[in-house]
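Fold and contact review
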Amino acid sequence: MKPTIVIATRNSGKLREFQNLLLPVGSEILSLKDVSIEQEFEESGQTFAENARLKAIAYSRLTQFPVLADDSGLEVAALGGRPGIHSARYAGSGASDSDRIRKLLQELSPFPGSRDARFVCALSLAQDGNILLESEGECRGIIIDEPRGANGFGYDPIFLFTELGITFAELSESEKNLYSHRAHAVTSLIQKLHGFSIVNLQQQIVNRKS
Ligand code: ITT
């Protein structure tokens, strides 16, 4: 039987990236909607890792399947690491990606020469309220003044990936999946997953508890 993983996100951009990034695992990838989970999760942690962990634990109590949660965001050096864990809510609830980008560029305008930034992604895999595996990935770049590109989501149009000299929104999805913070975090998780069959996760939890 094909093993199943539920991706604990309501962000369709993230979900699509995970569906491709997790292809090597050979699992069936389901969304929260697919398993009829409607509860919202209040992110109360102080770090990406803590939020991913809390999210994975909470959602894994609502389904029989292993749940993979992601907490991610953009840290801008000149802003002391903001928006950081508040990346999704940076411009208030109901704001769009463009609103968040506009706000970030406004806040950054007094710092024209200081544009270093990094995307961070923390992942947590849990089942039945138990954390099984965790990983983290980052990707460094700089923030540019004018959004460029139509792909991706979130802050991608103003994040210039210096290694290639183009923004994340100018990369195709498969290219972004080679370089992104999420790609690095998933690669690290898959390495840890090596010899750790998803099909047998339940058995491994039982073994750990006994
Ligand atoms: P879920 O909690 O349902 O997963 P979310 O969008 O609220 O969805 P987060 O709390 O992890 O997710 O917030 C992450 C925000 O950081 C996201 O909304 C984007 O604004 C930004 N972000 C994260 N990864 C990104 C990426 O690969 N490209 C662009 N922006 C990204």
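Conventions and cut-offs
- Residues numbered from 1 in each chain as written.
- Predicted model: local features only at pLDDT ≥ 70, side-chain atom pairs only at ≥ 80, totals over all residues.
- Heavy atoms only, no water.
- Helix = DSSP H or I, 4+ residues; strand = E, 2+ residues; numbered from the N terminus.
- Rg over C-alpha atoms; globule rule 2.2 N^0.38 Å.
- Buried < 20%, exposed > 50% of the residue type's maximum accessible area, 1.4 Å probe, protein only.
- Contact = heavy atoms within 4.5 Å.
- Phe/Tyr/Trp six-rings, centres within 6.5 Å; stacked < 30°, edge-to-face > 60°.
- Lys NZ or Arg CZ within 6 Å of the ring centre and 35° of its normal.

**Description of the overall build of the protein**
- Within the protein one finds 6 helices and 7 strands.
- Secondary structure of the protein in N-to-C order comes out as β-α-β-α-β-α-β-β-β-β-α-α-α.
- A compact globule built from 210 residues would reach a C-alpha radius of gyration of about 17 Å, and the protein, at 17 Å, matches this within 12%.
- With the C-alpha coordinates aligned to their principal axes, the bounding extent of the protein is approximately 55 × 30 × 25 Å.
- Across the 210 residues of the protein, 47% fall into the buried class.
- Put simply, 61% of the contacts in the protein that link residues at least 6 apart link residues at least 24 apart.

**A short note on the packing of aromatic side chains**
- For the structure on display, the rule yields 6 aromatic pairs.
- Seen in terms of ring centroids, Phe119 and Phe168 are 5.8 Å apart; in terms of plane orientation they differ by 10°. Their pairing is stacked. Here Phe119 is found in strand β4 (residues 116-127), whereas its partner Phe168 is found in the loop between β7 (166-167) and α4 (173-179), with 49 residues between them in sequence. We note that Phe119, like Phe168, is buried.
- Note that Lys103 overlies the ring of Tyr90, its terminal NZ or CZ placed 4.7 Å from the centroid.

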